[in-house]
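So you can see what is in the structure, the chains are spelled out below.
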Amino acid sequence: MPPQPKWKEEEHPTRFTMGYWQMRGLGAPIRMLLHWGKQNAEKTKPFAFKDVQYTQDGDGVNKWFKEDKVKMIEESNPLANIPYLIDHEEKKTIVHFLAICDYLGQKFGLDEKEVDSEQRERNAQIAMEVFDLRNNVIRLVYKFPNSVRTQEEFDKQLPEHLNACKKTYQKLESWLGFYDFTYFAKKDEVSSCDFHAFEMIDQHEHYQTLLAGGEKRDVLSEFPRLKKFHRAMRNRPELKTYFESKEYTDFQLNNHTLANSWDGPGPSSMK
Ligand SMILES: N[C@@H](CCC(=O)N[C@@H](CS)C(=O)NCC(=O)O)C(=O)O
C-alpha cells in the first residue's frame with residue numbers, strides 16, 4: 001500500500017475528486033466521464049464526485065501552486081499537476097489526462113481489461129490522435145510563436161487552423177469508415193477515448209462560429225461519420241446532466257488570463 005494522503009479523507013467524503021482550472025480544456029472530458037459513471041452507478045452503487053475548480057486569477061493560481069500542489073507532492077503524488085483525479089475509495093491520486101481517462105475507463109467498465117484487447121489498442125490510438133489535435137489548438141490559443149493575443153491575430157489564424165484541423169477530421173472519418181463504427185473503439189458503445197474526441201469536435205463547432213465577417217462554415221457536414229458520432233454523444237442520456245451543467249454551457253474553452261492569450265469569447269457569450 002503506497003503512503004496515504006492524510007488530508008483528503010476528512011475533507012472529501014466522496015468517491016472521486018477532480019481538480020482543474022475553471023474552464024473546459026482538459027477538464028471537460030474528465031467531467032463528462034464522471035457524470036457518465038455517476039449516472040450509470042445510480043441504481044447499483046451511487047457515488048458523488050467533487051469538482052475542484054481553480055479560478056484563473058491570483059487566488060486560483062495561489063490555491064493550486066502554493067497550497068494544493070505542494071500538499072499533493074508531499075502527501076500523495078510527486079508528479080502533482082492539473083487535471084488530477086483522487087479516488088477516495090482506493091486512496092489514489094492520479095495525474096496526466098490520458099492516465100486519468102484510462103483509469104476511469106476501467107473503473108466505469110467502458111474499456112476492456114485484457115492487455116491484448118483490440119478495443120484497448122483502438123482506444124489508445126484514438127486518445128493520442130485526438131491529443132495531437134488538442135496540441136494544435138493549444139498552439140493557436142496559447143503563448144507560442146504563433147500565439148494569439150488579440151482579436152486581429154485570432155481572426156487571422158482561425159481560418160488557417162480550421163483548414164489544418166480538417167486533416168485530423170479526415171483521418172478520424174476514415175477510421176470510423178474503416179471499422180464501420182459509430183464510436184471510436186467499439187461499434188455501438190462508448191469508450192474512454194470518445195469523451196476527448198467529442199470535446200475537441202465540440203470546441204471546433206464553437207470556433208467556427210467565431211470566424212470574422214460572419215463567414216459560416218459547417219466543417220462537420222463534410223464528415224458525416226464524425227457528425228453522427230458528435231450527435232450520438234450529445235444525445236447520450238448518461239451525459240444529460242453534464243450537458244445541462246454550467247461547466248459545459250458557460251465555461252470558456254481555454255485559459256485566457258494565465259497565458260495572456262486570447263481565443264475569443266466562450267460559448268456562454270453566444271446565448
Ligand atoms: N501532461 C499533463 C499536462 C498537464 C498540464 O499542462 N496542465 C496545465 C493545465 S492544462 C497546468 O496548468 N498545470 C499546472 C501545473 O503545472 O502545476 C496532462 O496530460 O495532464
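Scroll up for the structure.
First, a word on what this report is: a plain description of the structure on this page.

Let us now look at the side chain of threonine 17. On the secondary structure map, threonine 17 appears in strand β1 (residues 16-21). Looking at threonine 17, its side chain comes within polar contact range of the side chain of histidine 88, at 2.7 Å.

One finds Leu104 and Phe184 to be the most contacted residues of the largest nonpolar core, which totals 74 residues. Ranked by the residues each element gives to this core, the list is headed by helix α6 (residues 151-179), at eight residues. Leave out the neighbours within four places in its chain, and phenylalanine 184 touches Arg122, Ile126, Leu172, Trp175, Leu176, Cys193, Asp194, Ala197, Leu226 and Phe229.

Moving on: the site of the ligand. Around the ligand, the neighbouring residues are Tyr20, Trp21, Trp64, Phe65, Lys69, Asn81, Ile82, Pro83, His96, Phe97 and Arg134. Note that an oxygen atom of the ligand is positioned 2.6 Å from one of the side-chain N or O atoms of lysine 69. Counting only elements with at least two residues in the shell around the ligand, the list comes to β1 and α3 (58-75). Counting residues per element, the shell around the ligand draws most heavily on α3, which supplies three residues. Looking at the shell around the ligand residue by residue, the classes come out as seven nonpolar, two polar and two charged.

On to the sheet that holds strand β2 (residues 49-54), then. Taken in spatial order, the four strands of this open sheet run β2-β1-β3-β4, and their pairing is mixed. Each having just a single partner strand, β2 and β4 (92-95) make up the two edges of the open sheet. Each strand of the sheet is rotated relative to its neighbour by a mean of 15 degrees, with strand direction disregarded. Bridging between β1 and β2 involves six bridges; their strand directions are parallel. From the neighbouring strand, threonine 17 faces β2, where its bridge partner is lysine 50. Along the sheet face, helix α4 (residues 97-107) touches β1, β3 (84-87) and β4 and points at about 130 degrees away from the line of β4.

Let's shift gears to the packing of aromatic side chains. Evaluated as defined, the whole model comprises 21 aromatic pairs. With 6.2 Å between their ring centres and 75 degrees between their planes, tryptophan 21 and tyrosine 54 make a pair best called edge-to-face. Of this pair, tryptophan 21 sits in strand β1 while tyrosine 54 is found in strand β2, placing the two residues 33 residues apart along the sequence. For tryptophan 21, a relative accessible area of 9% puts it in the buried group. Accessibility expressed as a relative area gives 2% for tyrosine 54, which makes it buried. Geometrically, the ring pair formed by tyrosine 183 and phenylalanine 229 is edge-to-face, given 6.1 Å between the ring centres and 80 degrees between the ring planes. Taken together, the residues span a long stretch of sequence, with tyrosine 183 in the loop between α6 and α7 (193-208) and phenylalanine 229 in helix α8 (residues 224-234) at a distance of 46 residues. In this structure tyrosine 183 comes out as buried when scored by relative accessible area, which is 5%. Judged by relative accessible area, which is 0%, phenylalanine 229 ranks as buried. Site record: aromatic cluster; members linked through ring pairs are Trp21, Tyr54, Trp64, Phe65 and Tyr84. Taking the ring centre of tyrosine 179 as reference, the NZ or CZ of arginine 122 above it sits at 5.2 Å.

Given 3.6 residues per turn, any residue in an α-helix points the same way as the ones three and four places further on. Along α8, the residues that are buried comprise Leu226, Phe229, His230, Ala232 and Met233. Along α8, the residues classed as buried sweep out an arc of 165 degrees about the axis, all on the same side.

A few words now on the layout of surface pockets. Within this model, the second largest pocket holds a volume of roughly 200 Å³. Residue lining of the second largest pocket: 13 residues in total, with Leu98, Asp102, Asn123, Ala124 and Ala127 positioned closest to the centre. Of all the elements in the fold, those that place two or more residues in the lining of the second largest pocket are α4, α5 (118-141) and α7. Ranked by residues supplied to the lining of the second largest pocket, first place goes to α5 with five residues.

Along the polypeptide, leucine 211 turns up in the loop between α7 and α8. Take leucine 211: its relative accessible area is 7%, and that puts it in the buried class. It is 9.2 Å that separates the C-alpha atoms of leucine 211 and lysine 156, two residues lying 55 residues apart in sequence. When residues no more than four places from it in sequence are discounted, the contact partners of leucine 211 are Leu158, Pro159, Leu162 and Arg217.

The rules behind each value
Residues numbered from 1 in each chain as written. Predicted model: local features only at pLDDT ≥ 70, side-chain atom pairs only at ≥ 80, totals over all residues. Heavy atoms only, no water. Helix = DSSP H or I, 4+ residues; strand = E, 2+ residues; numbered from the N terminus. Polar contact = N/O pair within 3.5 Å; in protein donor to acceptor, adjacent residues only side chain to side chain. Core = buried A, V, L, I, M, F, W, Y, C linked by side-chain atoms within 4.5 Å. Buried < 20%, exposed > 50% of the residue type's maximum accessible area, 1.4 Å probe, protein only. Contact = heavy atoms within 4.5 Å. Near = heavy atom within 4 Å. Nonpolar A, V, L, I, M, F, W, Y, C, P; charged D, E, K, R; others polar. Pairing = 2+ DSSP bridges. Axes fitted to C-alpha atoms, helices over the stretch in contact; angles between N-to-C directions. Phe/Tyr/Trp six-rings, centres within 6.5 Å; stacked < 30°, edge-to-face > 60°. Lys NZ or Arg CZ within 6 Å of the ring centre and 35° of its normal. Arc of directions from axis to C-beta. 1 Å grid on protein atoms, 1.4 Å probe; cavity = no way out; pocket = protein on both sides within 12 Å on 5 of 7 lines; lining within 4 Å. Points joined across faces, edges and corners; volume = space filled by probe spheres on them.

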